[in-house]
Number of protein chains: 2
Amino acid sequence: MTDTLVKILDSAERDVRSKGFHAVSFRDIAAELGIKSASVHYHFPKKEDLGLALIARYSDRVFDALESKSDKTHTPKEHIDAMVDVYRSALAESDRICLCGMLGAESAGLPATMADAVAEFFNKNVDWLVERLPEQVAIEERKARASNIVSTLQGSMMMANSLGDHSFFDQAVSQISAG
Amino acid sequence: MTDTLVKILDSAERDVRSKGFHAVSFRDIAAELGIKSASVHYHFPKKEDLGLALIARYSDRVFDALESKSDKTHTPKEHIDAMVDVYRSALAESDRICLCGMLGAESAGLPATMADAVAEFFNKNVDWLVERLPEQVAIEERKARASNIVSTLQGSMMMANSLGDHSFFDQAVSQISAG
DNA sequence: GTCTATAATTTGATAGAC
DNA sequence: GTCTATCAAATTATAGAC
């Protein structure tokens, strides 16, 4: 059976991804698991500890999925498609936006350690793409294309969520060029 | 001199756009103006009232700026550039993301009236572009392009904010095609 | 319109029993 | 590891004086 720590992270991730970090309380999380808030504090003494654990786990999951989906692929187009699929799945499976999309918006109101971890997630996303875009394209152009793609994925997730229409995501990302 | 109501809206907008709706309190806003929270409640009895007023004012400002910037322009490219400029100015002048970008992320944790107003803002943004893209392009394709552009603007604002680098926005939106 | 005062609730967090 | 109990602070919101 799943242990409490994982259940706490699962519940907290759901809550943060739908309402934001400040709108989620230890009591909310505890109540969802049928335990007390003091038990949540046992696993994560400070809210910041919980936030950092959420970001670390989420980032690992995204990059594991990226490696897995692009395992046997080689072309830039296939790598772009892999990232689009990872984001699409994140939206479809949870009906929620990206954890770091939420925290990136709230950035200025978060502990600096969390804001830094979120920024690192974004940099890693862009870098992952830059390394897989066509070599013959100038590095500055590759950076621009990668920045554009990750921005589009983040923005379309947020808007699809707000509009209550997942097809908005597909519509918006359909315009991402093969580069 | 500016009256209190406008000062409240200005202060609240700054706070919500940097930390999120739930992270902002009536006391925060009052303290910034050197008044008491009860005085803020006089102008906006419920927090929801304040939120709705913020969205209405922000939306009006954006569409006024769009009309103004695209006043004497005619081509689709000029209209796209106008919208990019409006978003760039919103980021540059405030060092903050779009109010509705923040609230769209927090959507599920907001009063339904606010979530609906935010969704309407996004729909109006997309529609504004759809009406200005080339007529000869099929309507579905125009919708996809418009959705892509607004998504990219929202996403790149959020990421530029998280990364503390406004040039990220310029890099990402430089890829928006003239269509 | 702004204030003081306060109610009712929620929050992050801790001490200590089991 | 989970609980009860509790705290200090913060939150939305209201009543009523000025």
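The model shown is predicted, which means the values in this text are computed figures rather than measured ones.

**Q** Could you clarify how one ought to interpret the overall build of chain A in this entry?
**A** Scanning chain A from N- to C-terminus turns up 9 helices and 0 strands. Going from N to C terminus, chain A has its helices and strands arranged as α-α-α-α-α-α-α-α-α. Here chain A has a C-alpha radius of gyration of 17 Å; the compact-globule value for 179 residues is 16 Å, and the two agree. Principal-axis analysis of the C-alpha atoms gives chain A an extent of 55 × 35 × 30 Å. Burial analysis of chain A (179 residues in total) assigns 52% to the buried set. Pairs at least 24 residues apart make up 64% of the contacts formed inside chain A by residues separated by at least 6 positions.

**Q** Looking at this model, I keep getting lost on the packing of helix 1 (residues 4-19) of chain B against helix 4 (residues 47-69) of chain B. Mind explaining?
**A** The relative placement of two packed helices is expressed as an angle between their axes plus a distance between the axes. Residues and elements named next belong to chain B. At their nearest, the axes of helix 1 and helix 4 sit 10 Å apart, and the two run at 90° to each other. In terms of their interaxial angle, helix 1 and helix 4 are classed as roughly perpendicular. Between helix 1 and helix 4, the contacting residues are V6, I8, L9, D10, A12, E13, V16 and R17 on the first element and L50, A53, L54, R57, Y58 and R61 on the second. Split into classes, the residues belonging to the contact of helix 1 with helix 4 amount to 9 nonpolar, no polar and 5 charged.

**Q** Explain the environment of K7(A) here, please?
**A** The residue K7(A) is located in helix 1 (residues 4-19) in this model. On a C-alpha basis, the gap between K7(A) and I29(A) in space is 9.3 Å, while along the polypeptide they are 22 residues apart.

**Q** Got a minute to help me understand the nonpolar core in this structure?
**A** When a protein is soluble and globular, its nonpolar side chains tend to lie buried together. By size, the foremost hydrophobic cluster in this structure holds 112 residues, and its most contacted members are L103(A), F121(A), L153(A), L103(B), F121(B) and L153(B). Contacts of L103(A), omitting those with residues within four sequence positions, involve V16(A), F21(A), I55(A), L110(A), M114(A) and V118(A).

**Q** Whenever I open this one, the protein's contact with DNA strand D confuses me. Can you help?
**A** Taken together, 17 residues are adjacent to DNA strand D, and T4(A), S39(A), H43(A), R27(B) and K46(B) come closest. Considering DNA strand D, the proportion of its atoms within 4 Å of the protein that are sugar or phosphate atoms stands at 60%. One of the backbone nitrogen or oxygen atoms of F26(B) is found 3.2 Å away from a phosphate oxygen of DNA strand D. K47(B) has a polar backbone atom sitting 2.8 Å from a phosphate oxygen of DNA strand D. Counting residues per element, the ones that place at least two in the surface near DNA strand D are helix 3 (37-43) of chain A together with helix 2 (26-33) and helix 3 (37-43) of chain B. Among the elements that line the surface near DNA strand D, the one with the most residues is helix 3 of chain A, at 4 residues. Looking at the surface near DNA strand D, its residues break down into 7 nonpolar, 5 polar and 5 charged.

**Q** When you look at empty space enclosed by the protein in this model, what are you seeing that I'm missing?
**A** Gaps left between atoms show up when a probe the size of a water molecule is rolled over them. Following the criterion strictly, the structure yields 4 cavities of 30 Å³ or more and no others. Quantified by volume, the largest cavity comes out at close to 120 Å³. Contributing to the lining of the largest cavity are 18 residues, with G101(A), M158(A), G101(B), Q154(B) and M158(B) lying nearest its centre. Those elements that provide at least two residues to the lining of the largest cavity are helix 6 (99-105) and helix 8 (139-163) of chain A together with helix 6 (99-105) and helix 8 (139-163) of chain B. Its residues assigned to classes, the lining of the largest cavity shows 12 nonpolar, 6 polar and no charged.

**Q** Honestly, the relation of the copies chain B and chain A in this entry has me stumped. Any pointers?
**A** Mapping chain B onto chain A calls for a screw motion: a turn of 180° about the axis and a shift of 0.0 Å along it, with 0.0 Å RMSD after fitting. The superposition of one copy onto the other is thereby described by a two-fold rotation axis. When the interface residues of chain B are mapped onto chain A, 100% of them are again interface residues, pointing to one common binding face.

**Q** Honestly, the interface of chain B and chain A in this entry has me stumped. Any pointers?
**A** Often, the extent of an interface is quoted as the loss of accessible area on bringing the components together. Taken residue by residue, the interface counts 43 residues in chain B and 43 residues in chain A. The contact between chain B and chain A buries some 3200 Å² in all, and 63% of this surface belongs to carbon and sulfur atoms. Here chain B is connected to chain A by 0 salt bridges. Counting every contact that joins chain B to chain A gives 5 residue pairs in polar contact (both at pLDDT 80 or more). Within the side of chain B that touches chain A, the residues separate by chemical class into 18 nonpolar, 19 polar and 6 charged.

**Q** What is the right way to read the protein's contact with DNA strand C from this model?
**A** Surveying the vicinity of DNA strand C reveals 17 residues, the closest of which are K47(A), T4(B), K36(B), S39(B) and H43(B). Counting only the atoms of DNA strand C that lie within 4 Å of the protein, the sugar and phosphate share comes to 62%. R27(A) is positioned with one of its side-chain polar atoms (N or O) 3.2 Å from a base oxygen of DNA strand C. Within the backbone of K47(A), a nitrogen or oxygen atom sits 2.8 Å from a phosphate oxygen of DNA strand C.

**Q** I keep staring at the packing of aromatic side chains and nothing clicks. Help me out?
**A** What describes a pair of aromatic rings is the distance from one ring centre to the other and the angle between the planes of the rings. Enumeration over the complete set of coordinates arrives at 6 aromatic pairs over all chains. Relative to F121(A), the ring of Y58(A) has its centre 5.9 Å away and its plane inclined at 55°; by these criteria the two rings are tilted. Of the two residues, Y58(A) sits in helix 4 (residues 47-69) while F121(A) sits in helix 7 (residues 112-130), which places them 63 residues apart along the sequence. Just as Y58(A) is buried, F121(A) falls in that class too. An aromatic cluster of at least three residues, connected via ring pairs, comprises Y58(A), F63(A), F121(A) and F122(A). Stacked on the ring of F21(B), the Lys or Arg K47(B) has its end atom at 4.6 Å from the ring centre. Between K124(B) and the ring centre of F63(B), over which it is positioned, the NZ or CZ distance is 4.5 Å.

What counts as what
- Position numbers for residues start from 1 in each chain and track the written sequence from start to end.
- Both sets of labels track the order of writing: A upward for chains, 1 upward for ligands.
- This being a predicted model, a pLDDT of at least 70 is required before a residue's local features are given, and a value of 80 or more before pairs of side-chain atoms are given or counted; all residues contribute to the totals for chains, interfaces and linings.
- Each side-chain value is worked out from all heavy atoms of the structure, with water and hydrogens disregarded.
- Helix numbering and strand numbering both begin at the N terminus, where a helix is a DSSP run of H or I of at least 4 residues and a strand a DSSP run of E of at least 2.
- In this treatment the radius of gyration is a C-alpha quantity, and the globule benchmark scales as 2.2 Å times the residue count to the 0.38 power.
- Type-normalised accessible area, obtained with a 1.4 Å probe on protein chains alone, sets the label of each residue: buried when under 20%, exposed when over 50%, and partly exposed for intermediate values.
- Residues count as neighbours in contact if any of their non-hydrogen atoms are within 4.5 Å of one another.
- Lines fitted to C-alpha atoms define the axes, with helix axes restricted to the stretch in contact, and inter-axis angles between N-to-C directions lie between 0 and 180 degrees.
- With respect to orientation, any angle under 35 degrees is reported as roughly parallel, any angle over 145 as roughly antiparallel, any angle of 65 to 115 as roughly perpendicular, and every other angle as oblique.
- All amino acids are sorted into three groups, where Ala, Val, Leu, Ile, Met, Phe, Trp, Tyr, Cys and Pro are nonpolar, Asp, Glu, Lys and Arg are charged, and the leftover types, Gly among them, are polar.
- Nonpolar core, defined: a set of buried Ala, Val, Leu, Ile, Met, Phe, Trp, Tyr and Cys residues in which side-chain atoms within 4.5 Å join the residues together.
- Here a residue counts as near a molecule or strand whenever at least one of its heavy atoms sits within 4 Å of it.
- What qualifies as a polar contact is a pair of N or O atoms within 3.5 Å, subject to a donor-acceptor requirement within protein and to the restriction that residues adjacent in sequence count only when both atoms come from side chains.
- Each cavity reported here is a set of points on a 1 Å grid over the protein atoms alone in which a 1.4 Å probe fits but cannot get out, each pocket an open set with protein on both sides within 12 Å along at least five of seven lines, and each lining residue one with an atom within 4 Å of a point.
- Grid points are joined across faces, edges and corners, and a volume is the space filled by probe spheres set on the points.
- To line up the copies, we fit them by least squares on C-alpha atoms, keeping just the residues with pLDDT of at least 70 in both.
- Put simply, buried area is how much 1.4 Å-probe accessible surface two parts lose in total, over both of them, once they are put together.
- Throughout this description, the term salt bridge denotes a Lys or Arg side-chain nitrogen within 4 Å of a carboxyl oxygen of Asp or Glu.
- Classification of ring pairs uses Phe, Tyr and Trp, with its six-membered ring standing for Trp, and accepts pairs whose centres are within 6.5 Å; under 30 degrees between planes counts as stacked, over 60 as edge-to-face, and the remaining range as tilted.
- Remark: a charge is flagged as sitting over a ring if the NZ atom of Lys or the CZ atom of Arg is within 6 Å of the ring centre and within 35 degrees of the ring normal.

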